[in-house]
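Observations on the model geometry
This is what each chain is made of:
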Amino acid sequence: MKRRDLLKAAGVMSASPLMGVASAKAGTSNALDGSSFPESIMVGDLSDSSGVLSVIHGILPDDVIGHLLMAEGIPLASNHLTPNGKGALTRLDFTGRSNNSEVPYTRKMIRTASAIMQEQDLTGFDKFNLLGGTIYSSPNLGFMNYCNTAPNYMGDNRFAMSYEGGMPYEFDATTLEMVTPIGEVDEWKSSLPPLLENLTPEKWLFPQVRTTGHPFFDLETGNCITINYGGNIGDSGSSGFIRLIRWDREGTFESWNIRDRQGNNAYIAASSHSLGVTRNHIIVFETAARVESTRIIGTRIVLPQEHRTRCWVIRKADMVPGADTIIADYLELGFDTSDIVCNYDDNAGEITLYGQYMGAMDKSEQLFRFEILQKGGLVPKWLSGFPAAPLDVGGLVRARIRVNSNSAIEIKEDYRVIRDDALSWDMNDPAYRGHFQFPDTFEHLYWAAVGYRPDHISMRVSWAYRDYPERHYGYWNMPEESRPSALIHMDCVNMKIADAFQFPEDCVMRTPQFMARPGSTAQNDGYVIAAVVRKYPTTSDSNGKEFWIFDAARLSGGPICILANRSLEFATTNHALWVPSIGRRPLSAYRSNYADFLRSKAPDHSSNVRDIIEGELLPRFG
């Protein structure tokens, strides 16, 4: 039987969410909007910067070491979905600091080839235009790739940035400069449906490519596992495809077209944010972020998420070099999720998964300017592009799959879900020891719950989810009070919330990251750092853009240290990565032949575009 217990928050968090961290302006009111929401989360500096973060609360322990790499998205216009905005990458350097009162930081814009092109003076059909608040596109050039989803460690001082709407890039962690796209352009299949693909000009520099937000760089085998998918519109899957890709980090891709056991092409109707990789298997997930195909022509139609997660289970032993096709077992899990991880150990063919329980929400649904809010009024310009509020309490799940010789089935009696009415609203990123490298067995996971604000409920989205299955709160009885952001410690062994911290109401917390204590091996022995944006800064030495550091074993004790710099202006943060050390990228490491591709297309473009290719792109990617 499936266990769905709605927990109460008492006993897992402090009775006082401030935990002694008093806001410098707490208690004041904002006459402009009357809300505690920090509108500065919609604003990010578009220039590079560096400096030092100062300790504005608590003490920075001596054994906080290593380097944090954090990605973000900056909205460029009204309605621009902020997590999908212009990319920036920030590095915090705990190793090498001169004292325990300051931490150096470096922040650079993520300059992919398309991002560089957009920064130039483009006009007419060369100019990039925002489509449906989601993606920028140029009739002459193609689609924008901001590469702002997640930094990944590849091994050997090589790092990559990922993005669901474009090729991943390698970057140098010491300079934060993008070095090369991963793969040749012709190794990535266009994700447009065949009809649209036939209408696209041959001269496009930036084809539409869809892939996962979390490629898996397996440090045990040295291979990268990822996917390339598309070809369909929603559930019209006859032309859809999913290609499984294996890359040895040096040569050309190996790839296979994924089919089910009936011979049908697998396809993704929504998105595939996460990828599961175990010692012997690969799991491709269709995850909960559905960008409606009509959005690009200006509609605001909402197709609600289905209360399920489609997935395809592949055996690594079937990845035969030279073959065109690989057979996957299809199954549907009874919840929808976005970020999902798995035990690397799959002993006896049993796969264990941990993910969010989304609960009547869609991470890709933003608030549009002038749309009607459920509590009355219209969305103002400054808030347009921020994700719409969740419409039910979320949670955390464990699911298990048994893989046999010719099938894969869910072990339904092992399914568990934790839903906490006070804590688990808008479940977001996970953090764990060895981020993006799955341990043999997960024992501890840390999760961001962004929170709930009733004044951010869109009437349009709320109505679409009115009949969503297994809602705890119905359409007519949503909570009247906000639920602040929370940092949650999940005990994976006992499937319970072991500890939690709830932030002050004026905070939005995203992007937690585990930082291991030197010499330790336990999954809860270290620190958790999280990006926090406050409306009322903690002290006058902060602009409200802060980093809060917690003892991973005692979240409810509150932050042991808060860092800030009044000049550091980050917007909505996405995923992060912590590594104990960084070094220059090897000079002999892989580079694609992207420059040859750019040169081949240049003659078909305007003189302005040709000058940008010669003066800006080729010196970087040549």
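Here's a quick rundown of the structure. Fair warning: this is a prediction, and the values are worked out from it, not measured in the lab. (Residues numbered from 1 in each chain as written. Predicted model: local features only at pLDDT ≥ 70, side-chain atom pairs only at ≥ 80, totals over all residues. Heavy atoms only, no water.)

**What about the overall build of the protein chain?**
To keep things clear, this is the line we draw: Segments assigned H or I by DSSP are reported as helices when at least four residues long, segments assigned E as strands when at least two residues long, and all are numbered from the N terminus. With the radius of gyration taken over C-alpha atoms, the globule rule is written as 2.2 Å times the number of residues to the power 0.38. Only protein chains enter the calculation, and the probe is 1.4 Å; a residue is then buried if its accessible area is under 20% of its type maximum, exposed if over 50%, and partly exposed in between.
Of the regular secondary structure elements, the protein chain holds 5 helices and 36 strands. Compactness check: the protein chain gives a C-alpha radius of gyration of 23 Å against a globular reference of 25 Å for 622 residues, within 12% of the reference. Here the C-alpha coordinates of the protein chain stretch approximately 60 × 55 × 55 Å along the principal axes. With 622 residues in all, the protein chain has 63% of them scored as buried.

**Quick look at the packing of helix α4 (residues 594-601) against helix α5 (residues 607-621)**
Operational definition: Every axis corresponds to a line fitted to the C-alpha atoms, with the helix fit spanning only the stretch in contact, and the corresponding angles, defined between N-to-C directions, vary from 0 to 180 degrees. Roughly parallel here means an angle under 35 degrees, roughly antiparallel means over 145, roughly perpendicular means 65 to 115, and every remaining angle is called oblique. A crossing counts as left-handed when the near helix is turned anticlockwise from the far one by less than a right angle, and as right-handed when that turn is clockwise. We call two residues contacting when some pair of their heavy atoms lies within 4.5 Å. Three classes are used: nonpolar for Ala, Val, Leu, Ile, Met, Phe, Trp, Tyr, Cys and Pro, charged for Asp, Glu, Lys and Arg, and polar for all others, with Gly counted as polar.
Where α4 contacts α5, the two axes come as close as 9 Å, and the packing angle between them is 160°. If you check the angle between α4 and α5, you find them roughly antiparallel. The two elements α4 and α5 meet at a crossing, and its hand is left-handed. Here Tyr 594, Ala 595, Leu 598 and Arg 599 of α4 come into contact with α5, specifically with Ile 613, Leu 617, Leu 618 and Phe 621. Within the contact of α4 with α5, the residues separate by chemical class into 7 nonpolar, no polar and 1 charged.

**Focus on the pairing of strand β36 (residues 572-579)**
The cut-off we apply is this: Following DSSP output, two strands are said to pair if at least two bridges run between them.
Burial analysis of β36 places 8 of its 8 residues in the buried class, which makes it a mostly covered element. Direction of pairing for strand β3 (residues 67-74) relative to β36: antiparallel, over a ladder of 6 bridges. By the bridge assignment for β36, Leu 69 is matched with Leu 577.

**Some words on α4**
Using the following cut-off: The directions from the helix axis to the C-beta atoms form the arc being described.
For α4, the complete set of buried residues consists of Tyr 594, Ala 595, Phe 597, Leu 598 and Lys 601. Along the axis of α4, the buried residues cluster in a sector spanning 160°; they form a single face. Against α1 (113-118), β11 (169-172), β12 (177-181) and α5 lie the buried residues of α4.

**Some details on the sheet that holds strand β20 (residues 309-315)**
What links the strands of a sheet is backbone hydrogen bonding, and the strands pair in either a parallel or an antiparallel sense. If you trace the 4 strands from one edge of the open sheet to the other, you get β18-β19-β20-β22, paired in antiparallel fashion. For this open sheet the edge positions go to β18 (275-277) and β22 (329-333), each flanked by a neighbour on one side alone. Neighbour-to-neighbour, the strand axes of the sheet open up by a mean angle of 20°, direction not taken into account.

**A look at a nonpolar patch on the surface**
Keep this limit in mind: Note on patches: the residues involved have over 30% relative accessible area and no salt bridge, like charges join within 9 Å, and the nonpolar side chains Val, Leu, Ile, Met, Phe, Trp and Tyr join within 5 Å. The Shrake-Rupley method, run with a 1.4 Å probe sphere, supplies the accessible areas, and residue values consider only the shown protein chains as cover. Here a salt bridge means any side-chain nitrogen of Lys or Arg lying within 4 Å of a carboxyl oxygen belonging to Asp or Glu.
Side chains of Phe 370, Ile 372, Leu 378 and Met 459 sit close together on the surface and give an oily, nonpolar patch of about 400 Å² of accessible area. Positionally, Phe 370 belongs in the loop between β24 (350-357) and β25 (395-403).

**Quick word on the side chain of Asp 426**
Condition: We count Lys and Arg on the positive side and Asp and Glu on the negative side, and we leave His and both chain ends out.
Inspection of the secondary structure puts Asp 426 in the loop between β27 (416-420) and β28 (427-431). The buried charged residue Asp 426 lacks any salt bridge partner; its closest oppositely charged side chain belongs to Lys 363, at an N-O distance of 4.4 Å.

**Brief notes about the sheet that holds β11**
In spatial order, the strands read β9-β10-β11-β12; together these 4 strands make up an open sheet with antiparallel pairing. The sheet is open, and its two borders are formed by β9 (150-155) and β12, each paired with just one other strand. Neighbouring strand axes in the sheet, compared pairwise and without regard to direction, differ in orientation by 35° on average. Relative to strand β10 (residues 158-162), β9 runs antiparallel, the two sharing 5 bridges. Residue pairing in the sheet places Asn 152 in a bridge with Ala 160 of β10. Across the sheet, α5 lies against β11 and β12, angled at about 80° from β12, the strand it touches most.

**Quick look at the nonpolar core**
What counts, and what does not: Nine residue types can take part in a nonpolar core, namely buried Ala, Val, Leu, Ile, Met, Phe, Trp, Tyr and Cys, and a core is a set of them joined through side-chain atoms within 4.5 Å.
In this structure, Met 117, Leu 244, Ile 401 and Tyr 594 are the most contacted members of the largest nonpolar core, which totals 111 residues. When residues of this core are assigned to their parent elements, the largest contribution, 6 residues, is made by α5. Beyond its immediate stretch of four places on either side in the chain, Ile 401 contacts Cys 311, Val 313, Leu 331, Leu 333, Gly 349, Glu 350, Ile 351, Leu 353, Ala 408, Ile 409, Glu 410 and Ile 411. If you look at the next biggest cluster of nonpolar residues, it comprises 66 residues, including Leu 68, Ile 529, Cys 561 and Ala 576.

**A look at α5**
Selection rule: Residue count minus one, scaled by 1.5 Å, sets the expected span of a helix. For a residue, the bend is simply the angle between two axes, fitted respectively to the seven-residue segment ending there and the seven-residue segment starting there.
In this model α5 runs 20 Å from its N-terminal to its C-terminal C-alpha over 15 residues, within 8% of the 21 Å that 1.5 Å per residue would give. Approximately 35° is the largest bend angle found in α5, and it occurs at Ile 613. Listed as buried for α5 are Val 609, Ile 612, Ile 613, Leu 617, Leu 618 and Phe 621. Check the buried side of α5 and you find it contacts α1, β11, β12 and α4.

**Thoughts on the pattern of salt bridges**
Side chains bearing opposite charge may pair, as long as their charged atoms lie close to each other. Overall, the coordinates contain 40 salt bridges when judged by the stated rule. Glu 306 is paired through a salt bridge with Arg 310; the nearest N and O atoms lie 3.6 Å apart. Among the residues examined, Glu 306 registers a relative accessible area of 30% and is labelled partly exposed. Assessed through its relative accessible area of 7%, Arg 310 is described here as buried. Arg 400 is the partner of Glu 350 in a salt bridge, and the nearest nitrogen-oxygen pair spans 2.7 Å. Highlighted residues: Glu 350 in strand β24 and Arg 400 in strand β25, separated in sequence by 50 residues. What makes Glu 350 partly exposed here is its relative accessible area of 21%.

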